[in-house]
Amino acid sequence: MAIIFKPSPSLPPPVASVGAVAWVRQNLFSSPLNIFLTLFSLYLMYLLIPPIIEWGFINATWEGTSKAACTGGGACWAFIVVYFDQFMYGLYPEAETWRINLAVILLIVMVGAFAIKTINKLHLSLAIIFAYPVVAYFLFAGGIFGLEVVETSLWGGLFLTVLLGVIGIVASFPLGVVLALGRRSDMPIARSVCVVFIETIRAVPLITILFMASVMIPLFLPEGLNFNKLLRVLIGITLFSAAYMAEVVRGGLQAIPKGQYEAADAMGLTYWQSMVLVILPQALKLVIPGIVNSFIALFKDTTLVYIVGMFDFLGRIQAANHDANWLGTTVEGYAFAGFVYWAICFGMSRYSMALERKLETGHKRN
Amino acid sequence: MTDTNMARAQLAQGEEAIIEFNDVNKWYGDFHVLKNINFSIKKGERIVVCGPSGSGKSTMIRCINRLEEHQKGSILVDGVEMNNNLKNIEAIRKDVGMVFQHFNLFPHLTILENLTLAPIWVRKTPKKEAEEMAMHYLERVKIANQALKFPGQLSGGQQQRVAIARGLCMQPRIMLFDEPTSALDPEMIKEVLDVMVQLAEEGMTMVCVTHEMGFAKTVADRVVFMDAGEIVEANEPHEFFDNPQHDRTQMFLSQILNH
């Protein structure tokens, strides 16, 4: 009679390899170099953190109407408090800023509605992509339902920054995907057009493109035909970002094994079906870090619109630094700008990491 | 040969060819990979293609659904010539299922979604109906309980059985197998071959590139031996194995059978 093979039962791991003590030992004190680096970092933190807290909080001044009120020797946050509305909305009329707030709240509610199980996600997405921009546009610009018209030249501050960033991101992404597919296409004309576009745009600094958009294009357009500067700048930013996006997406397309293309072809899927259903979902998932990288870069690049006379968030802060009442508040202004940019970009980065985890299908998800 | 096999062979002789190769030539750059391939496969026939690596056997079956393009000669599948006409190619691909060496399941879709993708988008089958059919084929390959998992969570043998079920979901008239067991662990080869044998017994037209000579002996109507881009010999299995005509075939068989 054969001996019956019985697998031995699995045992829990040794205590020393799990838990807080083990984590500290593995990550902070695993080798002489590691011990040194840990102690050195602690020392640096000891040197840096207390003075920052002292400057930013303990000795800081939060109220006042000019730099003269800031006598504590710490940060002069009163400057930020006084100018806060302008940093957020630019020169948008104060009585009308509720329209911007309403649009933001509306967007948050709509995106938040994805969490509701009974809602039709397709309808919601379509509403956000097609209906929301129209509503938001009329809220911002006015001109219907008795809303006061607000010229785009008055739009500014963080509102303008986010507007440029979001529209740039939303518009450049699909364009970038199409360019990437075009560059890998078998059709010589489509391919050449895409290659020329991508290589030209990538070879030119964003500042040049913004100049073209704001100064040069009106010169070439026939008399009487002119369109909004904000729109021109937006088109410039979108085209610029799309060229970079295209190359990131192309990287993803190249990483998909040939077998995936062949399997999709062998089933009789058309080119667009195989791209949309099989290849792009995998390729885009693969390059989420690169895509978010581009988004973050684009978001920060929007500060360059000050070159063409538009005052975005950073532009507003710099302008306020020239206020005679608040001379010497440059550090506070930049610290605030840095914090806001960091918070937004860090948020994007965390969201992308969560998205990557959610889309992970390779391992067991019990 | 059993009675049913005899009956099938006679039936096959009366039928028209479903796949026809006429003087097919193909080059990769300067490399002449297929040389004057003349061959026809009848409806319901089960063909095993074997040969050393680089002999062009994979290229040949990949020409059948035009994953590879040939440069000279003609290939007719179901009476339709395979040329640059995209509409023809897409129409033929609907009716020709293919199983690959590396499975090529779509890793971002569940097993069930892998199976229903083509029926829903290519055949325009309603989703519910496509899912019922998918579950039916998953049960046939004995893997229905894994329907909601992702391919990455399955073993190689299970993935290959899913790939076969995926091909069957399009209810094809022809199934192509390109070395379906070459990437599998020995213990998993049998579970895949069992599914293929079952399929063969149901009368599916099958073209298999494989090194599984046991499979060739039991199910093939004809075995095709290729070397250096040519068909060296094609014969019924007992003739092919017991009485090979060509010395190249004899050498090949002695290499793979005596180890």
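Residues numbered from 1 in each chain as written. Chains lettered and ligands numbered in written order. Predicted model: local features only at pLDDT ≥ 70, side-chain atom pairs only at ≥ 80, totals over all residues. Heavy atoms only, no water.

If you look chain B up in an unreviewed UniProt entry, it shows as Amino acid ABC transporter ATP-binding protein (PAAT family) from Marinomonas foliarum. Its UniProt record gives chain B the following Subcellular location (unreviewed entry) comment, quoted word for word: "Cell inner membrane". Looking at chain B in UniProt, the text filed under Sequence similarities (unreviewed entry) is "Belongs to the ABC transporter superfamily." (UniProt positions renumbered as here; feature names shortened; annotations may be inferred.)

Chain A goes by Amino acid ABC transporter membrane protein 2 (PAAT family) in an unreviewed UniProt entry, where it is assigned to Marinomonas foliarum. Regarding chain A, the UniProt comment filed under Sequence similarities (unreviewed entry) reads as follows: "Belongs to the binding-protein-dependent transport system permease family. HisMQ subfamily."

This paragraph deals with the overall build of chain B. Counting its regular elements, chain B contains 10 helices and 10 strands. In terms of overall size, chain B behaves like a compact globule, its C-alpha atoms giving a radius of gyration of 18 Å where 259 residues would be expected to give roughly 18 Å. The burial tally for chain B puts 53% of its 259 residues in the buried class. Partitioning the contacts of chain B with sequence separation of at least 6, the portion at a separation of at least 24 is 66%. When the accessible surface of chain B is summed, it comes to about 11,700 Å², and 48% of that surface belongs to carbon and sulfur atoms. Charged side chains in chain B number 27 positive and 35 negative. The centres of these two groups are separated by 5 Å. (Helix = DSSP H or I, 4+ residues; strand = E, 2+ residues; numbered from the N terminus. Rg over C-alpha atoms; globule rule 2.2 N^0.38 Å. Buried < 20%, exposed > 50% of the residue type's maximum accessible area, 1.4 Å probe, protein only. Contact = heavy atoms within 4.5 Å. Areas by Shrake-Rupley, 256 points an atom, 1.4 Å probe, with all protein chains shown as cover. Lys, Arg positive; Asp, Glu negative; His and termini not counted. Charge placed at Lys NZ, Arg CZ, Asp CG, Glu CD.)

The subject of this paragraph is the interface of chain A and chain B. Between chain A and chain B, the contact holds 22 residues from the first and 25 residues from the second. Here chain A meets chain B over a buried area of about 2,000 Å², counting both sides, of which 61% is carbon and sulfur. Among the residues chain A hides against chain B, the three largest losses belong to Ala266(A), Met267(A) and Thr361(A). Together they make up 29% of the total. Counting every contact that joins chain A to chain B gives one salt bridge. A salt bridge links Arg62(B) to Glu262(A), with the shortest nitrogen-to-oxygen separation between them at 2.5 Å. (Buried area = accessible area lost by both parts, 1.4 Å probe. Salt bridge = Lys/Arg side-chain N within 4 Å of Asp/Glu carboxyl O.)

Before going further, it helps to spend a moment on the domain arrangement of chain B. Residues and elements named next belong to chain B. The domain boundaries assigned to chain B delineate domain 1 (14–209) and domain 2 (231–258). Centre-to-centre, using C-alpha coordinates, domain 1 lies 25 Å away from domain 2. Contact residues are listed per partner, giving seven residues for domain 1 and five residues for domain 2. In total, domain 1 and domain 2 occlude about 410 Å² of area from one another, counting both sides; carbon and sulfur atoms represent 87% of this. Its largest share of buried area at the contact with domain 2, domain 1 owes to Phe 39, Cys 50 and Pro 52, together 65% of the area lost on that side. There are zero residue pairs in polar contact (both at pLDDT 80 or more) connecting domain 1 and domain 2. Ranked by residues supplied to the side of domain 1 that touches domain 2, first place goes to strand β2 (residues 31–42) with three residues. Its residues placed into classes, the side of domain 1 that touches domain 2 shows five nonpolar, two polar and no charged. (Domains from an automatic or database assignment. Polar contact = N/O pair within 3.5 Å; in protein donor to acceptor, adjacent residues only side chain to side chain. Nonpolar A, V, L, I, M, F, W, Y, C, P; charged D, E, K, R; others polar.)

Before going further, it helps to examine the packing of helix α10 (residues 258–266) of chain A against helix α11 (residues 271–286) of chain A. Residues and elements named next belong to chain A. For the pair α10 and α11, interaxial distance at closest approach is 10 Å and the crossing angle is 160°. Compared by their axis directions, α10 and α11 come out roughly antiparallel. The chirality of how α10 crosses α11 is right-handed. In this structure, α10 contributes Gln 260, Tyr 261 and Ala 264 to the contact, and α11 contributes Ser 274, Met 275, Val 278, Ile 279 and Gln 282. (Axes fitted to C-alpha atoms, helices over the stretch in contact; angles between N-to-C directions. Parallel < 35°, antiparallel > 145°, perpendicular 65-115°, else oblique. Left-handed = near helix turned anticlockwise from the far one by under 90°.)

Time to look at the environment of Ala335(A). Residues and elements named next belong to chain A. Here Ala 335 lies in helix α14 (residues 330–359). Ala 335 gets classed as partly exposed once you look at its relative accessible area, which sits at 32%. Ala 335 sits 279 residues away from Gly 56 along the chain, and the two C-alpha atoms are 9.8 Å apart.

All names here are of chain B. Of all the five residues making up strand β7 (residues 174–178), five are buried; the element is thus mostly covered by neighbouring parts of the structure. In β7, alternate side chains face the same way, and those of Ile 174, Leu 176 and Asp 178 on one face and Met 175 and Phe 177 on the other are all buried. Judged from the four bridges that link them, strand β6 (residues 96–99) and β7 form a sheet pairing that is parallel. Bridging across to β7, Val 99 finds its partner in Phe 177. By the bridge criterion, five bridges tie β7 to strand β8 (residues 205–209) in an arrangement that is parallel. Residue Asp 178 lies in a different strand from β8, and its bridge partner there is Val 209. In terms of handedness, the path from β7 via helix α7 (residues 186–201) over to β8 forms a crossover that is right-handed. (Pairing = 2+ DSSP bridges. Right-handed = clockwise from strand over helix to strand, strands pointing away.)

With that settled, consider the pattern of salt bridges. Counted by the stated rule, this structure contains 21 salt bridges over all chains. Through salt bridges with shared partners, one network takes in Arg183(A), Glu199(A), Arg202(A), Glu247(A) and Arg250(A).

All names here are of chain B. In this structure, Arg 66 is a non-glycine residue whose phi angle is positive, near 55°. Its location among the elements puts Arg 66 in the loop between α2 (57–64) and β4 (72–77). The phi angle at Lys 124 is positive, at roughly 60°, despite the residue not being glycine. With respect to the helices and strands, Lys 124 occurs in the loop between α4 (111–121) and α5 (127–140). The exposure class assigned to Lys 124 is exposed, which follows from its relative accessible area of 59%.

Another point: the environment of Pro126(B). All names here are of chain B. Looking at the secondary structure, you find Pro 126 in the loop between α4 and α5. Using a relative accessible area of 46% as the deciding quantity, one classes Pro 126 as partly exposed. Taking the C-alpha atoms as reference points, Pro 126 and Phe 31, 95 residues apart in sequence, are found 46 Å from one another.

This part is about helix α3 (residues 78–89) of chain A. All names here are of chain A. Along α3, the positions that sit buried rather than exposed are Ala 78, Phe 79, Ile 80, Tyr 83, Phe 87, Met 88 and Tyr 89. Looking at the buried residues of α3, the elements they touch are α4 (97–112), α6 (157–183), α13 (313–321) and α14. Backbone geometry just after α3 places Gly 90 at a positive phi near 65°.

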